[in-house]
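As a plain string of letters, each chain reads:
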Amino acid sequence: MGQSLSALAFQVVILAALLLMVVLPIVFFILFVERRRSRGGRGSLTVAGLLLLGFLLGGSIGWANRPNAWTMPLWQTAQASVDSDQYGHPLESQAERVVLYFLFGGVLGVAAAALAAPLILRYLPTGRPPSGSSASASGRCT
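Residues numbered from 1 in each chain as written. Predicted model: local features only at pLDDT ≥ 70, side-chain atom pairs only at ≥ 80, totals over all residues. Heavy atoms only, no water.

### A short note on the overall build of the chain
When helices and strands are tallied, the chain shows five helices and zero strands. Order of helices (α) and strands (β) in the chain, N terminus to C terminus: α-α-α-α-α. By the burial criterion, 25% of the 142 residues in the chain qualify as buried. Taking the intrachain contacts of the chain between residues at least 6 apart in sequence as the baseline, contacts between residues at least 24 apart amount to 60%. Carbon and sulfur atoms form 66% of the exposed surface of the chain, whose accessible area is close to 9,900 Å². (Helix = DSSP H or I, 4+ residues; strand = E, 2+ residues; numbered from the N terminus. Buried < 20%, exposed > 50% of the residue type's maximum accessible area, 1.4 Å probe, protein only. Contact = heavy atoms within 4.5 Å. Areas by Shrake-Rupley, 256 points an atom, 1.4 Å probe, with all protein chains shown as cover.)

### What to know about helix 2 (residues 43-64)
Look at helix 2: 31 Å from first C-alpha to last across 22 residues, which is about the 32 Å you get at 1.5 Å a residue. The set of residues buried in helix 2 consists of Leu45, Thr46, Ala48, Leu50, Leu51, Leu52, Gly54, Phe55, Gly58, Gly59, Gly62 and Trp63. (Expected span 1.5 Å × (residues − 1).)

### Describing the packing of helix 2 against helix 5 (residues 89-123)
Packing of helix 2 against helix 5 leaves a shortest axis separation of 6 Å and a crossing angle of 145 degrees. For the crossing formed where helix 2 meets helix 5, the hand is right-handed. Among the residues forming the contact of helix 2 with helix 5, the class breakdown is 15 nonpolar, 10 polar and no charged. (Axes fitted to C-alpha atoms, helices over the stretch in contact; angles between N-to-C directions. Left-handed = near helix turned anticlockwise from the far one by under 90°. Nonpolar A, V, L, I, M, F, W, Y, C, P; charged D, E, K, R; others polar.)

### Digging into the packing of aromatic side chains
Taken as a whole and assessed by the stated rule, the structure comprises three aromatic pairs. Ring geometry for Phe10 and Phe104: centres 5.5 Å apart, planes at 70 degrees, overall edge-to-face. Highlighted residues: Phe10 in helix 1 (residues 2-38) and Phe104 in helix 5, separated in sequence by 94 residues. Among the residues examined, Phe104 registers a relative accessible area of 27% and is labelled partly exposed. (Phe/Tyr/Trp six-rings, centres within 6.5 Å; stacked < 30°, edge-to-face > 60°.)

### Some remarks on the side chain of Ser84
Along the chain, the position of Ser84 falls in helix 4 (residues 84-87). For Ser84, a relative accessible area of 19% puts it in the buried group. With near-sequence residues (within four places) excluded, Ser84 lies in contact with His89 and Glu92.

### Regarding a nonpolar patch on the surface
Together, Leu18, Leu19, Met21, Val22, Val23, Ile26, Val27, Phe29, Ile30, Phe32 and Val33 make up an exposed nonpolar region whose accessible area comes to about 950 Å². Checked against the element boundaries, Leu19 lands in helix 1. (Patch = residues over 30% accessible without salt bridge, like charges linked within 9 Å, V, L, I, M, F, W, Y side chains within 5 Å. Salt bridge = Lys/Arg side-chain N within 4 Å of Asp/Glu carboxyl O.)

### Remarks on the environment of Phe102
Its place among the elements puts Phe102 in helix 5. When its relative accessible area of 13% is taken as the criterion, Phe102 is described as buried. Sequence-distant contacts of Phe102, defined by excluding residues within four places in its chain, comprise Met21, Phe55, Gly59, Ser60, Gly62, Trp63 and Leu74.

### Here we look at the layout of surface pockets
By volume, the largest pocket is sized at about 410 Å³. Around the largest pocket sit 21 residues that line it, and Leu18, Met21, Ala78, Val99 and Leu103 are the ones nearest its centre. Of all the secondary structure elements, the ones that give two or more residues to the lining of the largest pocket are helix 1, helix 2, helix 3 (74-80) and helix 5. At seven residues, helix 1 tops the list of elements feeding residues into the lining of the largest pocket. Looking at the lining of the largest pocket, its residues break down into 18 nonpolar, one polar and two charged. (1 Å grid on protein atoms, 1.4 Å probe; cavity = no way out; pocket = protein on both sides within 12 Å on 5 of 7 lines; lining within 4 Å. Points joined across faces, edges and corners; volume = space filled by probe spheres on them.)

Right, dumping it as structure tokens:
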């Protein structure tokens, strides 16, 4: 029971990482274009940017912690993890495990960014005077 539960959790994390890797750049791009067009609020764009940055930083940290004996670059490792015809089954199996360093790091980075986002949004300058301020819209204090 415990092993099947851990295998399920492992597969869920891999699926989440792959989904985040595809969806985050698309969401960020859409929100960026919408922000440029409407000049609206930037909260959702900031959160999407933080999550994307968290994935990339976490993935980079995970990749930096791969085994020292592994010398293939990330792109070739990703290709080897799905192409047993070109690289052979033993290398494909190793590459699959090494790619997980990047994917799991990315998921942890997104989780850290999601936890930090409310704090970052709270202290980000908004361009408006703080609540309770006597500053008018023209920028003069009364």
